[in-house]
Amino acid sequence: MNKQNLKIAVQKSGRLSEDSIGLLRTCGISFNNGSGKLISVAQDFPLEIFFLRDDDIPEYVADGVADIGIVGENVLAEAERDVITRERLGFGKCRLALAVPKSFSYQSIENLNGKRVATSYPKVLSNFLETNNVTAEIHTISGSVEIAPSIGLADAVCDLVSSGSTLFTNNLREVEIVMTSEAVLIQRKNLAADLHIILEKLVFRIRAVKAARQNKYILLNAPNEKLKEIINLLPGIKSPTVMPLAETGWSSVHSVINENDFWEIVESLKNKGAEGILVLSIDQMIS
Ligand code: PRT
Ligand code: ZN
């Protein structure tokens, strides 16, 4: 039987490249992405990796040149291609926001009526303005949107923001969030059955990596008289593992905790008398 590879499109170089490649590698897939390579074939998983500009990824996937892709939701929304979103990937987080010069006395979105707004996301912006019953002139530019007001090209901008420092240094003030975005795994429609099986294997691994990244493995020693209270602080996957220590009166407790509650739980554990707390990263977590 002629064995087919699943084809994935990832950003060649940019903000999503490192995390996209890192995710595939953490999924146990080895490949070479040496300089200038456009296609790479994985050594230990039936996957071919295409390195492309992010803007082209939705089209490549919709047209079936690639079967799946990793792209920002902002690019996907602007491309308006008929593809399926399979997984949110938790990196490349940002927001598409409207911003105005600090001197603009902005009260509400109605203040943008009749104004010129510069953006690289004309479709998403146009939908947003329409939903809000605002009629503005959209000026599509492909880069350095943030300088448009200072050179007299626009009264406002609609651009991606993560820390907000680019807006700040250009004397702009964020006034509306148009959409929030993160990297997602997309899939073409009508994927052949054999490729679907490979995709499901990949999605299974991605979920295990994502779950692992959201959790930490914790080990600690607890005085037996405090064991109950300490266990109550630790949910674990089912419940914590408890083993007696060689020293009487003490137990070793192992559990998994969510990254978001991490510091608070560790503090409470210490207050309850836990000692020798070790926290380890998890590579994969399969529930
Ligand atoms: O060459 P190619 O077309 O592939 O790449 P690109 O230059 O179009 O995109 P790239 O690499 O800049 O971004 C790829 C994706 O990363 C975007 O589509 C988003 O999904 C995501 N992302 C996350 C961001 C940001 N954060 C981000 N901060 N993309 C761009 N920015 C820019 C923004 O445009 C602005 O210029 O960073 C600046 C703002 O950052 P702060 O931190 O100053 O607010
Ligand atoms: Zn791009």
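Residues numbered from 1 in each chain as written. Chains lettered and ligands numbered in written order. Predicted model: local features only at pLDDT ≥ 70, side-chain atom pairs only at ≥ 80, totals over all residues. Heavy atoms only, no water.

A. Layout of the environment of T119. Within the fold, T119 resides in strand β7 (residues 116-119). Residues within four places of T119 in sequence aside, it is in contact with L125, I138, H139, T140, I141, V145 and C158. A polar contact of 2.7 Å, which involves the side chain of T119, links it to the backbone oxygen of C158. (Helix = DSSP H or I, 4+ residues; strand = E, 2+ residues; numbered from the N terminus. Contact = heavy atoms within 4.5 Å. Polar contact = N/O pair within 3.5 Å; in protein donor to acceptor, adjacent residues only side chain to side chain.)

B. Region of the structure containing the sheet that holds strand β11 (residues 183-187). The sheet built from 6 strands is open, its strands ordered β2-β3-β1-β4-β11-β5 with mixed pairing. Of all the strands in the sheet, the pair left with one neighbour each is β2 (39-41) and β5 (84-88). Sheet twist, expressed as the mean angle between neighbouring strand axes with direction ignored, is 25°. Relative to β11, β5 runs antiparallel, the two sharing 4 bridges. Bridging across to β11, E87 finds its partner in L185. Running at roughly 150° to strand β1 (residues 6-11), helix α1 (residues 17-26) makes contact with β1, β3 (47-52) and β4 (68-72) of the sheet. (Pairing = 2+ DSSP bridges. Axes fitted to C-alpha atoms, helices over the stretch in contact; angles between N-to-C directions.)

C. Spotlight on the packing of aromatic side chains. Applying the stated criterion across every chain yields a total of 2 aromatic pairs. Residues F262 and W263 carry aromatic rings whose centres are separated by 4.8 Å and whose planes lie at 70° to one another, so their mutual orientation is edge-to-face. Judged by relative accessible area, F262 falls into the buried class, the value being 10%. Sitting over the ring of F31, R25 keeps its end group 4.4 Å from the ring centre. The residue whose ring lies beneath K102 is F168, and the NZ or CZ to ring-centre distance is 4.3 Å. (Phe/Tyr/Trp six-rings, centres within 6.5 Å; stacked < 30°, edge-to-face > 60°. Buried < 20%, exposed > 50% of the residue type's maximum accessible area, 1.4 Å probe, protein only. Lys NZ or Arg CZ within 6 Å of the ring centre and 35° of its normal.)

D. Structural detail: the coordination of the zinc ion (ligand 2). Protein coordination at the zinc ion (ligand 2): the donors are D54 (OD) and D55 (OD), at 2.0 to 2.1 Å from the metal. Taken together, the 4 donor atoms coordinating the zinc ion (ligand 2) span angles of 75 to 173° at the metal, a pattern that classifies the geometry as irregular. Residue class for D55 comes out partly exposed when judged on its relative accessible area of 42%. (Donors = N, O, S within 2.8 Å, 3.2 Å for Na, K, Ca; no water. Tetrahedral: all angles 85-135°; square planar, octahedral: opposite > 155°, others 65-115°.)

E. Molecular detail of the pairing of β1. Within β1, 5 of the 6 residues are buried, which leaves the element mostly enclosed by the surrounding structure. Of the pairings in the sheet, the one linking β1 to β3 comprises 6 bridges and is parallel in character. Note on β3: the bridge partner recorded for A9 is F50.

F. Spatial organisation of the site of ligand 1. Close to ligand 1 lie 21 residues, the nearest being D55, N74, S163, G164 and T166. R15 has a polar backbone atom sitting 2.8 Å from an oxygen atom of ligand 1. Within the contact set of ligand 1, an oxygen atom lies 2.9 Å away from a backbone nitrogen or oxygen of S162. Out of a free accessible area of 840 Å², ligand 1 has 78% covered by protein chains. At the level of elements, α3 (73-79), β9 (156-161) and α5 (165-169) are the ones that each hand at least two residues to the shell around ligand 1. Among the elements that line the shell around ligand 1, the one with the most residues is β9, at 3 residues. Partitioning the shell around ligand 1 into residue classes produces 5 nonpolar, 10 polar and 6 charged. (Near = heavy atom within 4 Å. Areas by Shrake-Rupley, 256 points an atom, 1.4 Å probe, with all protein chains shown as cover. Nonpolar A, V, L, I, M, F, W, Y, C, P; charged D, E, K, R; others polar.)

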